[in-house]
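This is what each chain is made of:
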Amino acid sequence: MMDIRVELGKAERYPCELLLLFSFELPARIEGVWERADLEWKGFLSGLMSQGDFKGELFECRLVHTQGALLAKRVLLTGLGKREEFDLEKWRGASSKAGQFIKNAGVKRFAFAVEKFNRLTVEELSESFVTGLLLGAYQFNEFKTLDRDKIKEIEGLAELEQRLDQHVRRVIDRRAEQNVLIADEILPVAVIHRHHVL
């Protein structure tokens, strides 16, 4: 059962077990939450990319421990590929890959900030992200009897917004209905609970 909460907060200053960040390949401009986290981390993320330790290639994942540089204990960097080739299908795929990685790493709860980019709205990005996440984290364990204590599951996601105006609230409410449909028709063992923290 995954609990999805929408909260006010800045990702780069949000205390959590893991912060999920996405990036395009260079030379795409670094911006948004990635840029703010990089500034907070004194250029560590841009250094990783310039040295080739993380390239931002499509579906590439790299887990990094922050060692106290951020309030998040760990950061998962996930690549989106070339910016000019980006679309919602690749976004869902990258979200799915991140969900699979987070589940396999044994992380129970993580945070992610939704921001408009590449001409796509917050609504489109958020809906596609949740769809990809659930598909990537899904596993069928209903009939598993051995080693049930070793099953890894993501328990919660904090979806961070910097501003919750009336438009964003309508987006969240509409998305909730669609997420329930996803859970019922695609992922029958996944139950999504939503809470507004305003």
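Residues numbered from 1 in each chain as written. Predicted model: local features only at pLDDT ≥ 70, side-chain atom pairs only at ≥ 80, totals over all residues. Heavy atoms only, no water.

*Asks:* Explain the packing of aromatic side chains to me, please; I cannot follow it from the model alone.
*Replies:* Where two aromatic rings form a pair, the distance of their centres and the angle of their planes describe that pair. In this structure the tally under the stated criterion is ten aromatic pairs. Taking the centre distance of 6.4 Å and the plane angle of 85° together, the rings of Phe22 and Phe129 count as edge-to-face. With Phe22 in strand β2 (residues 16-23) and Phe129 in helix α4 (residues 122-137), this residue pair connects regions lying 107 residues apart in the sequence. Accessibility assignment for this pair places Phe22 and Phe129 in one class, buried. Ring pairs connect the aromatic residues Phe22, Phe24, Phe86, Trp91, Phe112 and Phe129, which therefore count as one cluster. (Phe/Tyr/Trp six-rings, centres within 6.5 Å; stacked < 30°, edge-to-face > 60°. Helix = DSSP H or I, 4+ residues; strand = E, 2+ residues; numbered from the N terminus. Buried < 20%, exposed > 50% of the residue type's maximum accessible area, 1.4 Å probe, protein only.)

*Asks:* Would you mind showing me how to read the nonpolar core here?
*Replies:* Counting residues in hydrophobic clusters, the biggest one holds 28 residues, and the most contacted among them are Leu20, Phe22, Leu80, Trp91, Phe110, Phe112 and Phe129. Of all elements in the fold, only β1 (2-8), β2, α3 (88-104), β5 (109-113) and α4 reach the threshold of two or more residues within this core. The element best represented in this core is α4, accounting for six residues. In this structure Trp91 touches Phe22, Leu80, Phe86, Phe112, Phe117, Leu125, Ser128 and Phe129, once residues within four positions along its chain are discounted. Counting 22 residues, the second-largest nonpolar core is a separate cluster that includes Leu19, Ala37, Ala72 and Ala111. (Core = buried A, V, L, I, M, F, W, Y, C linked by side-chain atoms within 4.5 Å. Contact = heavy atoms within 4.5 Å.)

*Asks:* I keep staring at the environment of Leu125 and nothing clicks. Help me out?
*Replies:* Inspection of the secondary structure assignment puts Leu125 in helix α4. Overall, Leu125 belongs to the buried group, its relative accessible area being 0%. With sequence-adjacent residues up to four places away left out, Leu125 is seen in contact with Leu88, Trp91, Val114, Glu115, Lys116, Phe117 and Leu120.

*Asks:* Even after reading the chapter, I still don't get the pattern of salt bridges, so can you show me in this structure?
*Replies:* Pairs may arise between side chains of opposite charge once their charged atoms sit close together. Here the structure, examined in full by the defined rule, presents nine salt bridges. Between Glu31 and Arg83 there is a salt bridge whose closest N-O contact spans 2.8 Å. Of this pair, Glu31 sits in the loop between β2 and α1 (32-40) while Arg83 sits in the loop between β4 (72-79) and α3, placing them 52 residues apart in sequence. When its relative accessible area of 23% is taken as the criterion, Arg83 is described as partly exposed. Put simply, Arg92 and Glu89 hold a salt bridge, and the shortest N to O gap is 2.9 Å. Here Arg92 and its partner Glu89 are both found in helix α3, three residues apart, which amounts to about one turn of the helix. Three or more residues are tied together by salt bridges with common partners; here these are Glu12, Arg36 and Glu115. (Salt bridge = Lys/Arg side-chain N within 4 Å of Asp/Glu carboxyl O.)

*Asks:* Whenever I open this one, the packing of α3 against α4 confuses me. Can you help?
*Replies:* Two elements in contact, α3 and α4, have axes separated by 7 Å at closest approach and are oriented at 40°. Relative to α4, the element α3 is oriented oblique. As for how α3 packs across α4, the hand of that crossing is right-handed. Across the interface between the two elements, Leu88, Trp91, Arg92, Ser95, Ser96, Gly99, Gln100 and Lys103 of α3 pack against Glu124, Leu125, Ser128, Phe129, Thr131, Gly132, Leu133, Leu135, Gly136 and Ala137 of α4. Residue classes in the contact of α3 with α4 are distributed as seven nonpolar, eight polar and three charged. (Axes fitted to C-alpha atoms, helices over the stretch in contact; angles between N-to-C directions. Parallel < 35°, antiparallel > 145°, perpendicular 65-115°, else oblique. Left-handed = near helix turned anticlockwise from the far one by under 90°. Nonpolar A, V, L, I, M, F, W, Y, C, P; charged D, E, K, R; others polar.)

*Asks:* So what exactly am I meant to see when it comes to the environment of Phe24 here?
*Replies:* Relative to the elements of secondary structure, Phe24 occurs in the loop between β2 and α1. When neighbours within four sequence positions are excluded, Phe24 is seen to be in contact with Met49, Lys55, Gly56, Leu80, Gly81, Lys82, Arg83, Phe86, Phe117 and Asn118.

*Asks:* Explanation requested: the confidence of the model for the protein in the structure shown.
*Replies:* Parts of the model with low pLDDT should not have their predicted coordinates read in detail. A residue-level look at the protein finds 75% of positions with pLDDT of 70 or above and a mean pLDDT of 81. Of all helices and strands in the protein, the one with the weakest mean pLDDT is strand β7 (residues 192-197) (37), whereas strand β3 (residues 61-65) scores best (98). (pLDDT = per-residue confidence, 0-100.)

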